[in-house]
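What follows is the residue order along each chain.
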Amino acid sequence: MNIHKHMEAIFVTTLAVIGAGSLVIDRLPDAQASTVRQPVPVENNIGTEGHMAVIVVRGRRLPRDA
């Protein structure tokens, strides 16, 4: 019976914390997008009329640890 009381207390406490956190998050101001646009290095080469876009991803493989 004691376990049930503890589980109920945990459940009610969790609901209270989530509810309070939701109210706090709702009152935060919305994020504003940055107006500075970083150029993409291959911006002009990605898909033009008559040419399919080809994207090559290169990277080193991580060493395999046994």
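Counting starts from 1 at the beginning of each chain's written sequence and moves along it residue by residue. Side-chain atom pairs in this predicted model are given and counted only at pLDDT of 80 or more, local residue features only at pLDDT of at least 70, and totals for whole chains, interfaces and linings cover all residues. Side-chain measures here rest on the full set of heavy atoms in the structure, leaving out hydrogens and waters.

**Student:** Just checking my understanding: could you explain the overall build of the chain for this structure?
**Tutor:** Helical segments are the DSSP runs of H or I of at least four residues, strand segments are the runs of E of at least two, and each set is numbered from the N terminus. The helix and strand tally for the chain stands at one helix and zero strands. Evaluated residue by residue, the chain yields a buried proportion of 0% over its 66 residues. Computed by Shrake-Rupley with a 1.4 Å probe, the accessible areas treat only the displayed protein chains as cover when residues are assessed. When the accessible surface of the chain is totalled, it reaches about 7,500 Å², and 61% of it is carbon and sulfur. Burial here depends on accessible area, computed with a 1.4 Å probe over protein chains only, as a share of the maximum for the residue type. Under 20% is buried, over 50% is exposed, and the range in between is partly exposed.

**Student:** Would you mind going over a nonpolar patch on the surface with me for this structure?
**Tutor:** Each patch is built from salt-bridge-free residues with over 30% relative accessible area, joining like charges within 9 Å and nonpolar side chains (Val, Leu, Ile, Met, Phe, Trp, Tyr) within 5 Å. Salt bridges are counted wherever a side-chain nitrogen of Lys or Arg sits within 4 Å of a carboxyl oxygen of Asp or Glu. On the surface, a nonpolar cluster with roughly 340 Å² of combined accessible area is contributed by Ile3, Met7 and Ile10. Of note, Ile10 is situated in helix 1 (residues 2–27).

**Student:** Please explain helix 1 as it appears in this structure.
**Tutor:** Given 3.6 residues to a turn, an α-helix orients residues that are three or four positions apart in the same direction. With 26 residues, helix 1 should cover 38 Å at 1.5 Å per step; its first-to-last C-alpha distance of 38 Å lies within 8% of that length. Counted residue by residue, helix 1 has zero buried out of 26 residues, so it is predominantly exposed. Here a helix's expected span is defined as the number of its residues, less one, multiplied by 1.5 Å.

Spatial relationships are all this shows, so hold off on functional conclusions.
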